[in-house]
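Now for the letters of each chain:
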Amino acid sequence: MKFELFVSRRLISEKDFKSSISAPIIKITTAAISVGVIMMLVAFGTGLGLQEKIRDKIAAFNGHIQIHGFTNQNQQINQNSIPKNQDFYPQFSNIENIEHTQAVATKYGIIRTETDFEGVLVKGVGNDYRWNYFEEYLIQGKLPDVKTKYSTEILLSESLVNKLQLELNEQVVVYFLNEDASAKPRLIAFNLVGIYNSGFKEFDDQFLIADIDQIQRINKWSENEIGNFEVFVSNFNELQQTSRQVYKEIDSFLNATSIIEQYPSIFEWLSMFDMNIALIIGIMILVAGINMITALLVLILERTQMIGILKALGATDWNIRKIFLYNAGYIILRGLFWGNLIGLGILLIQKYLKPIQLNPETYYVTEAPISLQLYYIIAVNVGTMVLCVLMLIIPSLIISKISPIKAMKFD
């Protein structure tokens, strides 16, 4: 065992160490590091969790990238069709980040009951539609079966069901206006087989999921005519780059728009969480570092006689500095242990028990979402350890200023 590590371990294990003048300061320092780690883990977990959850909810209704005709740009309804037969459909072969492409169509409609009515955006989907998001949001019934021709099964949000006082498996009549305003609206009697709740009020209050064949029939389109394509990517961080690649791959009469371009205000708001996380991390590391510097100076002051004796016996300044740095490292590790234990415990409780609820009108989610990623847990621990140790190197230089003769007389 190295000399410095041996002395450091003896100092830590001594009873005097636990009852010395520096003991309260060491406890405060350990608590400060623990609180800092807890705050950083919670900031990462909730910040990233909220970003991921909201991104997923927007993608559930729009895909990550929409391929549409220029006449349909920035419009929720597909006024004109585009051909379904494309070189990139059903799979982009030249772009690695794309994992799925699906064909959809949308049209405005009005749900009418005996006592009320509500405008909806009917989204027609086909056999290629990814239901994994709505499987998570489904609260009653089942997902619509769109494999049969002109299926009447639909999926409706809980908010619309409550507004219109509908029941599961009830018949829902939807009216569609004709292009000719003087003509009577066309209607379809759907069967409500599933109720979902995404927590994203902006979308829940308008989307009705139905069979794309019904939209094609209402619009008098052929099977090869659709409203737009929705593209899903595997790495959201490369979305903008992938969107540009998609635009280069598609025909000149088509355009590609990412959800970041479609909902800029939401994503600008989400980007503010990165700034908040960085600010919290900076403050917490600074507080932990200042506390560690204070603790180290007290430890050095308390062991001044020992420093003088070690110097008289031939120990170099660097040998003695390492003893105190090892000692400080022990305090940091103890703070990290309790910080991780409590911080990860809080995140796991929120992830599975969800005690903290949020207002969906403000945050687009009903509870605080949590993202548990190994990379940021490791980064918090390694970063805190390294930065605290680096901050301690300079104050440890005070050891080189201590004279052995004066130190041994110090009381």
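In this report, we go over the structure that sits alongside the text. Keep in mind it's a predicted model, so treat the numbers as computed, not measured.

With respect to the overall build of the protein chain
Check the secondary structure of the protein chain and you find 15 helices and 12 strands. Here the protein chain, with 411 residues, has 50% of them falling under the buried criterion. Within the protein chain, contacts between residues at least 6 apart in sequence are counted, and of these 77% link residues at least 24 apart. Of the roughly 20800 Å² that the protein chain leaves accessible, carbon and sulfur atoms contribute 57%. Here the protein chain contributes 35 positively and 40 negatively charged side chains, and the mean placements of these two sets differ by 14 Å.

Notes on the pattern of salt bridges
Inspection of every chain in the model, using the stated rule, returns eight salt bridges. For Glu 153, the salt bridge identified is with Lys 142, shortest N-O distance 2.9 Å. One end of the pair, Glu 153, is in strand S6 (residues 153-157); the other, Lys 142, is in the loop between strand S5 (138-141) and S6, and 11 residues separate them in sequence. The residue Lys 201 makes a salt bridge to Asp 205 at a minimum N-O spacing of 2.7 Å. With relative accessibility at 35%, the residue Lys 201 sits in the partly exposed group. Salt bridges linked by common partners bring Lys 149, Asp 213 and Glu 223 together as one network.

Remarks on unusual backbone geometry
Peptide bonds are trans in most cases, and residues, glycine excluded, mostly fall at negative phi. A cis amide bond links Tyr 89 to the next residue, Pro 90, at an omega of 10°. In this fold, Pro 90 is placed in the loop between strand S2 (82-83) and strand S3 (98-112). Positive phi is not limited to glycine here, since Lys 220 has a value of about 60°. Secondary-structure assignment places Lys 220 in the loop between helix H7 (212-219) and strand S10 (225-226). Judged by its relative accessible area of 72%, Lys 220 falls in the exposed class.

Observations concerning the packing of aromatic side chains
Tallied over the full model, the rule gives 24 aromatic pairs. Above the ring of Tyr 150, the side-chain terminus of Lys 149 is found at 5.2 Å from the ring centroid. When the ring centre of Tyr 150 is taken as origin, the NZ or CZ atom of Arg 217, which lies over that ring, is 5.3 Å away.

Here we look at the nonpolar core
In terms of nonpolar packing, the biggest core is built from 73 residues, with Ile 54, Ile 58, Ile 67, Phe 92, Phe 134, Leu 208 and Val 246 touching the most fellow members. With six residues, the top contributor of residues to this core is helix H3 (residues 23-62). When residues no more than four places from it in sequence are discounted, the contact partners of Val 246 are Ile 65, Ile 67, Phe 92, Ile 95, Ile 98 and Ala 256. Counting 37 residues, the second largest nonpolar core, distinct from the first, contains Leu 296, Ile 307, Leu 310 and Leu 336.

Remarks on the packing of helix H12 (residues 317-353) against helix H14 (residues 374-393)
Two numbers describe how H12 lies on H14: the axes approach to 10 Å, and their chain directions differ by 155°. Taken together, the axes of H12 and H14 lie roughly antiparallel to each other. Two packed elements cross with a definite hand, and for H12 against H14 that hand is right-handed. Mapping the contact onto sequence places Arg 321, Leu 325, Ala 328, Gly 329, Ile 332, Leu 333, Leu 336, Asn 340, Leu 344 and Leu 347 in H12 and Tyr 376, Ile 377, Asn 381, Thr 384, Met 385, Cys 388, Val 389, Leu 392 and Ile 393 in H14. A breakdown of the residues in the contact of H12 with H14 according to their chemical character gives 14 nonpolar, four polar and one charged.

Concerning the pairing of strand S8 (residues 186-196)
Sheet topology note: the S5/S8 ladder contains three bridges and is antiparallel. By the bridge assignment for S8, Leu 138 is matched with Tyr 196. The sheet contact formed by S6 and S8 spans five bridges and is parallel. Pairing of Glu 153 across the sheet is with Asn 191, part of S8.

With respect to helix H8 (residues 239-249)
Among the residues making up H8, those that are buried are Leu 239, Thr 242, Ser 243 and Val 246. Projected onto a plane normal to the axis of H8, the buried residues spread over an arc of 105° and lie on a single side. Seen from the buried face of H8, the exposed residues on the opposite side, beyond 90 degrees, are Arg 244 and Lys 248. In the core, the buried residues of H8 are packed alongside strand S1 (65-69), S3, strand S11 (228-233), strand S12 (254-258) and helix H9 (259-262).

Observations concerning the pairing of S6
For S6, the buried fraction is high: five of the five residues fall into the buried class. By the alternation rule, side chains of S6 split into Glu 153, Leu 155 and Ser 157 and Ile 154 and Leu 156, which are all buried. In this sheet, strand S9 (residues 207-211) lies alongside S6 in antiparallel orientation, the contact comprising two bridges. By the bridge assignment, Leu 156 is partnered in S9 with Leu 208.

Some thoughts on the environment of Leu 121
Locating Leu 121 in the fold gives a position in strand S4 (residues 117-125). Leu 121 sits in the buried class, given a relative accessible area of 1%. Along the sequence, Leu 121 and Ile 394 sit 273 residues apart, while their C-alpha atoms lie 64 Å from each other.

Focus on the side chain of Asp 213
Along the chain, the position of Asp 213 falls in helix H7. Accessibility expressed as a relative area gives 13% for Asp 213, which makes it buried. When sequence neighbours within four positions are dropped, the list of residues in contact with Asp 213 reads Thr 148, Lys 149 and Tyr 150.

Scoring rules and cut-offs
Residues numbered from 1 in each chain as written. Predicted model: local features only at pLDDT ≥ 70, side-chain atom pairs only at ≥ 80, totals over all residues. Heavy atoms only, no water. Helix = DSSP H or I, 4+ residues; strand = E, 2+ residues; numbered from the N terminus. Buried < 20%, exposed > 50% of the residue type's maximum accessible area, 1.4 Å probe, protein only. Contact = heavy atoms within 4.5 Å. Areas by Shrake-Rupley, 256 points an atom, 1.4 Å probe, with all protein chains shown as cover. Lys, Arg positive; Asp, Glu negative; His and termini not counted. Charge placed at Lys NZ, Arg CZ, Asp CG, Glu CD. Salt bridge = Lys/Arg side-chain N within 4 Å of Asp/Glu carboxyl O. Phe/Tyr/Trp six-rings, centres within 6.5 Å; stacked < 30°, edge-to-face > 60°. Lys NZ or Arg CZ within 6 Å of the ring centre and 35° of its normal. Core = buried A, V, L, I, M, F, W, Y, C linked by side-chain atoms within 4.5 Å. Axes fitted to C-alpha atoms, helices over the stretch in contact; angles between N-to-C directions. Parallel < 35°, antiparallel > 145°, perpendicular 65-115°, else oblique. Left-handed = near helix turned anticlockwise from the far one by under 90°. Nonpolar A, V, L, I, M, F, W, Y, C, P; charged D, E, K, R; others polar. Pairing = 2+ DSSP bridges. Arc of directions from axis to C-beta.

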